[in-house]
Amino acid sequence: MTVNRNTRIAAVVAFLAIVFVAVPAAISSSGRFDLYYTLTSVALLSIASAGVWLTFYIGRINIGQGAYALMGGYVSAILVMNHGWSFWLTLPVAGLFCAAASVLIGLPILRLRGVYFAMVTLVLTEVARLLALALPITNGAKGIVSIPLPGALSIFGLTIIPDFATLQNSRLAFYLLAVTLMVVCFAIMYRLVNSRIGKLCQSLQQNEELASSIGVNIAWLRVIAYAVSSFFGGVSGAIFAAISQSIYPSSFTVTDSVNFMLNCFLGGLGYVFGPMLGTLVLYFGWDLLFQTGQFQLLIYSGLMIVLMLVLPNGLLSLAETTRKKG
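This report concerns the structure included in the present document. (Residues numbered from 1 in each chain as written. Predicted model: local features only at pLDDT ≥ 70, side-chain atom pairs only at ≥ 80, totals over all residues. Heavy atoms only, no water.)

Looking at the overall build of the protein chain
So, point 1. Summing up its helical and strand segments, the protein chain has 13 helices and four strands in all.
So, point 2. What you see for the protein chain is a C-alpha radius of gyration of 20 Å, in line with the 20 Å of a compact globule of 326 residues.
So, point 3. Reported as C-alpha extents along the three principal axes, the dimensions of the protein chain are approximately 55 × 55 × 50 Å.
So, point 4. The buried share among the 326 residues of the protein chain stands at 42%.
So, point 5. Expressed as a percentage of contacts within the protein chain between residues at least 6 apart in sequence, the contacts between residues at least 24 apart total 76%.
So, point 6. Here the protein chain contributes 16 positive and 8 negative side-chain charges, whose respective centroids are spaced 10 Å apart. (Helix = DSSP H or I, 4+ residues; strand = E, 2+ residues; numbered from the N terminus. Rg over C-alpha atoms; globule rule 2.2 N^0.38 Å. Buried < 20%, exposed > 50% of the residue type's maximum accessible area, 1.4 Å probe, protein only. Contact = heavy atoms within 4.5 Å. Lys, Arg positive; Asp, Glu negative; His and termini not counted. Charge placed at Lys NZ, Arg CZ, Asp CG, Glu CD.)

Considering the nonpolar core
So, point 1. Counting residues in hydrophobic clusters, the biggest one holds 77 residues, and the most contacted among them are Met-189, Ile-239 and Ile-247.
So, point 2. Of the residues forming this core, the biggest block, 13 residues, is contributed by helix H9 (residues 218–244).
So, point 3. Excluding residues that lie within four positions of it along the chain, Met-189 makes contacts with Ala-50, Trp-53, Leu-54, Phe-232 and Val-272.
So, point 4. Counting six residues, the second largest nonpolar core, distinct from the first, contains Leu-266, Leu-282, Leu-289 and Met-304. (Core = buried A, V, L, I, M, F, W, Y, C linked by side-chain atoms within 4.5 Å.)

Thoughts on the packing of aromatic side chains
So, point 1. If you walk through the whole model with that rule in mind, you get 15 aromatic pairs.
So, point 2. Summarising the aromatic geometry, the rings of Tyr-283 and Phe-284 are spaced 6.1 Å apart at their centres and angled 65 degrees between planes, so their arrangement reads as edge-to-face.
So, point 3. Owing to a relative accessible area of 27%, Phe-284 belongs among the partly exposed residues under this scheme.
So, point 4. Here the aromatic rings of Trp-286 and Tyr-300 are separated by 5.0 Å at their centres, their planes lie at 85 degrees, and the arrangement is edge-to-face. Taken together, the residues span a long stretch of sequence, with Trp-286 in helix H11 (residues 274–288) and Tyr-300 in helix H12 (residues 296–310) at a distance of 14 residues.
So, point 5. Trp-286 gets classed as partly exposed once you look at its relative accessible area, which sits at 33%.
So, point 6. Among the aromatic residues, those joined into a cluster by ring pairs are Phe-87, Trp-88, Phe-164 and Phe-174. (Phe/Tyr/Trp six-rings, centres within 6.5 Å; stacked < 30°, edge-to-face > 60°.)

Comments concerning the pattern of salt bridges
So, point 1. Summed over the entire model, instances satisfying the criterion amount to two salt bridges.
So, point 2. Between Arg-32 and Asp-34 there is a salt bridge, with the nearest N and O atoms lying 3.0 Å from each other.
So, point 3. Assessed through its relative accessible area of 42%, Arg-32 is described here as partly exposed.
So, point 4. Given the relative accessible area of 34%, Asp-34 is considered partly exposed. (Salt bridge = Lys/Arg side-chain N within 4 Å of Asp/Glu carboxyl O.)

Okay, structure coming up:
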């Protein structure tokens, strides 16, 4: 028990050292500052994918995370541009807005299971896009542009985070923000899954009728899990809008929602950190296959099918299988 705990602590320390120290040092020495944006995108996409993973954890196939990412981006952009709010204040508000919206949406649709729930959530992203096109407050197809960079964050007169516009390298600042939130997100996920509520959520995945028969409030658990999932999506979308300094109805599409789901499958649905690994592999894998030209999508799809057949429990199951054989 102590050995396993020490191993986990060592792995966490090593991971933190890599993302906060080794990666910035390597990028600085190589001069490839464009990689900051790439790795920031991976971190934010993994946060959104973590929300999708949580709905899988309660036995629901969620293909609508793109709707909440788009929603969060617009909420943050509108509050900053139209009402002069600080970006840092809009960040939790965007997440809470998406969580509240998911409760209203989830109350009727979370009763559905399997492909029926998946089909409804798939439509959500397209509905969000059409609403963004139609509503005057979102500025239609023109989107919201020229969003200012995040300003300084001060508490009791002490500047905690400087104004991004004054920094020599705002890409590094966004990278540190994204990976910090990613670490916090997955720490919350790990704690939640290993808590009493997490065990109850897992019971929904296995047998909802049995869970209900022993007194578990399955409706409450489903809504809570879906709200947390949507909160993650909203926060990631808000940061994406800040990085690109713009948000459009096409910023998050059905394809993005499907990719969020694929990130979970590839990393491993049985592992909390599966979405993080799956996002990293899929993001860089797609870019590497760009050199194949017109065969990119064909090779990508073929590799995904092979991986699903060879590793049905995701890439993280490979390490567990190797450890058992050893």
